[in-house]
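What follows is each chain in one-letter form.
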Amino acid sequence: MLLQCAFCHKGFSVASVTQSRGRGLGSHIQCPKCGAWLGRNKWLTSAKIIGFYVATIAGVAGYYLDNVMHIVTPTIILSVILVGITHIMDHLILIEAPEDQVPNIKLD
């Protein structure tokens, strides 16, 4: 699986990541190409996880319980939509730019 750096826009493998900090959803990784610290948006990642588990629980409840399909079906549909949208939007974001490679920004 290749990840793309939000700073240098170069792809790198998960196996090539050597530096990381933090734990859980707030963890950051360092790009092996440019040294920028990258992370994920906590809200989007949390929404994706919640949507997955709600869809799974609703699916199991719909399988084992009778007469709940009028609640389970829309719940599963909305949860899968939530997972899909948050998965599309959840990319690596720049947490901290490398100190030696700050881009030149022209202000007019």
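Our subject is the structure listed above.
So, how was this worked out
Residues numbered from 1 in each chain as written. Predicted model: local features only at pLDDT ≥ 70, side-chain atom pairs only at ≥ 80, totals over all residues. Heavy atoms only, no water. Phe/Tyr/Trp six-rings, centres within 6.5 Å; stacked < 30°, edge-to-face > 60°. Buried < 20%, exposed > 50% of the residue type's maximum accessible area, 1.4 Å probe, protein only. Lys NZ or Arg CZ within 6 Å of the ring centre and 35° of its normal. 1 Å grid on protein atoms, 1.4 Å probe; cavity = no way out; pocket = protein on both sides within 12 Å on 5 of 7 lines; lining within 4 Å. Points joined across faces, edges and corners; volume = space filled by probe spheres on them. Helix = DSSP H or I, 4+ residues; strand = E, 2+ residues; numbered from the N terminus. Nonpolar A, V, L, I, M, F, W, Y, C, P; charged D, E, K, R; others polar. Axes fitted to C-alpha atoms, helices over the stretch in contact; angles between N-to-C directions. Parallel < 35°, antiparallel > 145°, perpendicular 65-115°, else oblique. Left-handed = near helix turned anticlockwise from the far one by under 90°. Contact = heavy atoms within 4.5 Å. Expected span 1.5 Å × (residues − 1). Arc of directions from axis to C-beta. Polar contact = N/O pair within 3.5 Å; in protein donor to acceptor, adjacent residues only side chain to side chain.

Chemist: Provide a residue-level description of the packing of aromatic side chains, including the pertinent values.
Modeler: Aromatic ring pairs are defined here through the distance separating the ring centres and the angle between the ring planes. Under the criterion given, the structure shown has two aromatic pairs. Ring centres of Phe 52 and Tyr 53 lie 5.2 Å apart, and the angle between their planes is 70 degrees; on these two criteria the pair is classed as edge-to-face. With centroids separated by 5.0 Å and ring planes inclined at 90 degrees, the aromatic side chains of Tyr 63 and Tyr 64 adopt a geometry described as edge-to-face. Given a relative accessible area of 65%, Tyr 63 falls into the exposed group. We classify Tyr 64 as exposed; its relative accessible area is 62%. One residue, Arg 21, lies across the ring of Trp 37, its end atom 4.1 Å from the ring centre.

Chemist: Lay out the layout of surface pockets in plain terms, naming residues and giving numbers.
Modeler: Here the largest pocket defines a volume of roughly 270 Å³. Around the largest pocket, the lining comprises 14 residues; the ones closest to its centre are Leu 3, Arg 40, Asp 90, His 91 and Leu 92. Those elements that provide at least two residues to the lining of the largest pocket are β1 (2-4) and α1 (42-64). For the lining of the largest pocket, the element with the highest residue contribution is β1, accounting for three residues. Looking at the lining of the largest pocket, its residues break down into six nonpolar, five polar and three charged. Quantified by volume, the second largest pocket comes out at close to 200 Å³. Looking at the lining of the second largest pocket, the elements that each hand over two or more residues are β4 (28-30) and β5 (37-39).

Chemist: Residues and numbers for the packing of α1 against helix α2 (residues 69-89), please.
Modeler: Across the interface, α1 lies against α2 with an axial gap of 8 Å and an inter-helix angle of 155 degrees. Here α1 lies roughly antiparallel to α2, going by the angle between them. Along this stretch, α1 crosses α2, giving a crossing that reads as left-handed. Contact residues: Leu 44, Ala 47, Lys 48, Gly 51, Phe 52, Val 54, Ala 55, Ala 58, Gly 59 and Gly 62 in α1; Met 69, Val 72, Thr 75, Ile 76, Ser 79, Val 80, Leu 82, Val 83, Thr 86, His 87 and Met 89 in α2. For the contact of α1 with α2, the per-class residue count stands at 13 nonpolar, seven polar and one charged.

Chemist: Provide a residue-level description of α2, including the pertinent values.
Modeler: Here α2 contains 21 residues, and its C-alpha end-to-end distance of 30 Å stays within 8% of the 30 Å for a straight helix at 1.5 Å per residue. Within α2, burial applies to Val 72, Ser 79 and Thr 86. When α2 is viewed along its axis, its buried side chains cluster within an angular range of 75 degrees and face the same direction. In α2, the exposed positions that point more than 90 degrees away from the buried face belong to His 70, Leu 78 and Ile 88.

Chemist: Help me get a handle on α1, residues and values and all.
Modeler: Note on helix geometry: an α-helix contains 3.6 residues per turn, so any two residues three or four positions apart are oriented the same way. Counted at 1.5 Å a residue, the expected span for α1 with its 23 residues is 33 Å, and the 33 Å between its end C-alpha atoms agrees. When we look at burial in α1, the residues that qualify are Leu 44, Thr 45, Lys 48, Gly 51, Ala 55, Ala 58 and Gly 62. Those residues of α1 that are buried are in contact with α2. Between the side-chain oxygen at the start of α1 and the backbone nitrogen of Trp 43 there is a gap of 3.0 Å, and the oxygen is on Asn 41.

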